[in-house]
Amino acid sequence: MSTSIDDLLSFAEEPVGEPGDERPARLRPVLRTLAVTAAIVVVLLVGLRAVGLQVSLWIIVAGVLAVLAVRRVTAALSPPPPPRAGARAPAGEEPGTWNWAARDALRAAINGWERPLDWCAGNRERFAERVLPRLGELADERLRQKHGITRESDPARARTLLGEPLWTFLGTPSRRPPSPRDLAVIVAELEKL
């Protein structure tokens, strides 16, 4: 599979879709946070009442939510874990000249595609939820950069530029995730834009 350096080094944020499309996906983390908050608040209330302290329920809830928010932010900003000490060093033609364990932008960009593709292998719903929107964003970005349009702003011209197979692929999720060969064809079509 051949990809351009622009595709490997580009960064795209998570897709912003229709509000109804990802309601269950958005609702799950909120419900989990509320459940964790409720459980911690109950434990704290019981513990405080057991020792004879009276604290307002709203203060406890606000404190728990603040701690959970700080925990989430620090987890998102923490550096990646260091490589394992016992990990096998990859063998290459020039041993010792390249630090394969080092984090670089190219590896991060490749992993940004490799992990979701691997995670979605054989699962149509995951592919349609995670990878297909990224491919659509990539197509829209290429159309915007090269032709000044997006699929939404000028659907007729975008359909002509993308071609019928790519337009259909991006517009209607298939029954199964595409094979690596199909993805190579899709990427080749995107690079032609």
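It should be emphasised that the depicted structure is a prediction, and the values quoted were computed from it without experimental measurement. (Residues numbered from 1 in each chain as written. Predicted model: local features only at pLDDT ≥ 70, side-chain atom pairs only at ≥ 80, totals over all residues. Heavy atoms only, no water.)

Undergrad: Looking at this structure, how should I read the pattern of salt bridges?
TA: Pairs can form between side chains of opposite charge once their charged atoms are near each other. Counted by the stated rule, this structure contains four salt bridges. A salt bridge links arginine 159 to glutamate 164, with the nearest nitrogen and oxygen atoms 2.8 Å apart. For arginine 159, a relative accessible area of 38% corresponds to the partly exposed category. One salt bridge in this structure joins glutamate 189 and lysine 192, with 3.3 Å as the shortest N-O distance. Of this pair, glutamate 189 and lysine 192 both sit in helix H8 (residues 180-192), three residues apart, which is roughly one turn of that helix. Classification of glutamate 189 as partly exposed rests on a relative accessible area of 28%. (Salt bridge = Lys/Arg side-chain N within 4 Å of Asp/Glu carboxyl O. Buried < 20%, exposed > 50% of the residue type's maximum accessible area, 1.4 Å probe, protein only. Helix = DSSP H or I, 4+ residues; strand = E, 2+ residues; numbered from the N terminus.)

Undergrad: Would you mind going over the environment of glutamate 152 with me for this structure?
TA: As for its placement among the helices and strands, glutamate 152 is situated in the loop between helix H5 (124-147) and helix H6 (155-162). For glutamate 152, a relative accessible area of 73% puts it in the exposed group. When the C-alpha positions of glutamate 152 and aspartate 140 are compared, they lie 8.5 Å apart, and in sequence the two are twelve residues distant.

Undergrad: Honestly, the confidence of the model for the protein chain in this entry has me stumped. Any pointers?
TA: Atom-level detail of predicted coordinates should not be read off regions where pLDDT is low. Averaged over all residues, the pLDDT of the protein chain is 78; the fraction at 70 or higher stands at 69%. Here helix H1 (residues 5-9) stands out as the least confident element of the protein chain, with mean pLDDT 66; helix H3 (residues 57-77) is the most confident, with 91. (pLDDT = per-residue confidence, 0-100.)

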